[in-house]
Amino acid sequence: MAMLRRFLLLFIIFSMGNAAVRQSCPSGWSHFGQGCYRYISEPANWIRAARNCQSVGSNLASVRNKQENNFLLSLLPSSDTRPWIGGHTGVQDGQWLWTDGTAFLFTNWCPGEPNNNHQSEACLELNFPNGNCWNDAPCPILKSYFCAKRAFG
């Protein structure tokens, strides 16, 4: 009987150690992968949007792959919504960075983008017409935006 109890105790300990930790997000945020995302409909210029995200412990959303890009598109209220995400040009024009410091490895630029069409297009908008792709846009334009932070749990 003692042997059975030890075996049962070991089974429980190992089972708990291997149990997956369920990650979650605060109320009002959507979970995807290891992150939490929130669409903010109140228009802001890119810098104000970045600061608003920071004020709630997040950053403008970075996009690391096609699945994450499609997830953000699925959260948009309409097909013509073009929100800010966290991409911006660095000191050297043409060098794109994410506000959270992660590497800018995945891109989904529209054909011919980024093109700096209006003199200074240093900020990244999601869901540019005709292709659900990215566009570089002037940072002072007021747009909705996505905040993102790590899921917890």
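Right above here is the structure, for reference.
Quantities reported herein were computed from a predicted structural model and do not represent experimental measurements. (Residues numbered from 1 in each chain as written. Predicted model: local features only at pLDDT ≥ 70, side-chain atom pairs only at ≥ 80, totals over all residues. Heavy atoms only, no water.)

A. Spotlight on the pairing of strand 6 (residues 123–128). By the criterion of burial, strand 6 is predominantly enclosed, with five of the six residues buried. Pairing between strand 4 (residues 84–89) and strand 6: two bridges, direction antiparallel. Among the inter-strand pairings, Trp84 is bridged to a residue of strand 6, identified as Glu125. Where strand 6 meets strand 7 (residues 133–137), four bridges bridge the pair, whose relative direction is antiparallel. Following the sheet pairing, Phe128 is matched in strand 7 by Cys133. The loop that links strand 6 with its antiparallel partner strand 7 comprises four residues; one of these, Asn130, has a positive phi angle of about 65 degrees. (Buried < 20%, exposed > 50% of the residue type's maximum accessible area, 1.4 Å probe, protein only. Helix = DSSP H or I, 4+ residues; strand = E, 2+ residues; numbered from the N terminus. Pairing = 2+ DSSP bridges.)

B. Local environment of the pattern of salt bridges. Applying the stated criterion to the full structure yields four salt bridges. In this structure, Glu68 engages Arg64 in a salt bridge whose closest nitrogen and oxygen atoms are separated by 3.3 Å. Relative accessible area serves as the criterion here: at 4%, Glu68 is assigned to the buried category. A salt bridge links Glu125 to Lys143, with the shortest nitrogen-to-oxygen separation between them at 2.7 Å. Of this pair, Glu125 sits in strand 6 while Lys143 sits in strand 8 (residues 143–150), placing them 18 residues apart in sequence. Judged by its relative accessible area of 10%, Lys143 falls in the buried class. Several salt bridges converge on common partners, so that one network encompasses Arg64, Glu68 and Asp100. (Salt bridge = Lys/Arg side-chain N within 4 Å of Asp/Glu carboxyl O.)

C. Molecular detail of helix 2 (residues 46–55). Residues Trp46, Ala49, Ala50 and Cys53 constitute the buried set of helix 2. Taken end-on, helix 2 shows its buried residues confined to a sector of 100 degrees, consistent with a single buried face. Each element contacted by the buried residues of helix 2 is listed here: strand 2 (35–44), strand 3 (59–60), strand 4, strand 6 and strand 8. Looking one or two residues past helix 2, Gly57 carries a phi angle of roughly 75 degrees, positive in sign. (Arc of directions from axis to C-beta. Contact = heavy atoms within 4.5 Å.)

D. Representation of the environment of Gln95 in the model. Locating Gln95 in the fold gives a position in the loop between strand 4 and strand 5 (96–98). Under the relative-accessibility criterion, Gln95 is labelled partly exposed at 37%.

E. A look at helix 3 (residues 66–74). Every buried residue of helix 3 is listed here: Glu68, Asn69, Phe71, Leu72 and Leu73. Those residues of helix 3 that are buried lie in contact with strand 1 (30–32), strand 2, strand 4, strand 6, strand 7 and strand 8. One side-chain oxygen of the residue at the start of helix 3 lies 3.1 Å from the amide nitrogen of Gln67, identifying that residue as Asn65. (Polar contact = N/O pair within 3.5 Å; in protein donor to acceptor, adjacent residues only side chain to side chain.)

F. Examining the packing of aromatic side chains more closely. Scanning all chains against the criterion turns up 10 aromatic pairs. Taken together, a centroid distance of 6.3 Å and an interplanar angle of 35 degrees make the contact between Trp96 and Phe104 tilted. The buried category is assigned to Phe104, whose relative accessible area is 17%. Taking 5.7 Å as the distance between ring centres and 85 degrees as the angle between the ring planes, the aromatic pair formed by Trp109 and Trp134 counts as edge-to-face. With Trp109 in the loop between strand 5 and strand 6 and Trp134 in strand 7, the pair connects residues that are 25 residues apart, well separated along the chain. An aromatic cluster is built from Trp96, Trp98, Phe104, Phe106, Trp109 and Trp134, whose rings are joined through pairwise contacts. The ring centre of Trp84 lies 5.5 Å from the NZ or CZ of Lys143, which sits over that ring. (Phe/Tyr/Trp six-rings, centres within 6.5 Å; stacked < 30°, edge-to-face > 60°. Lys NZ or Arg CZ within 6 Å of the ring centre and 35° of its normal.)

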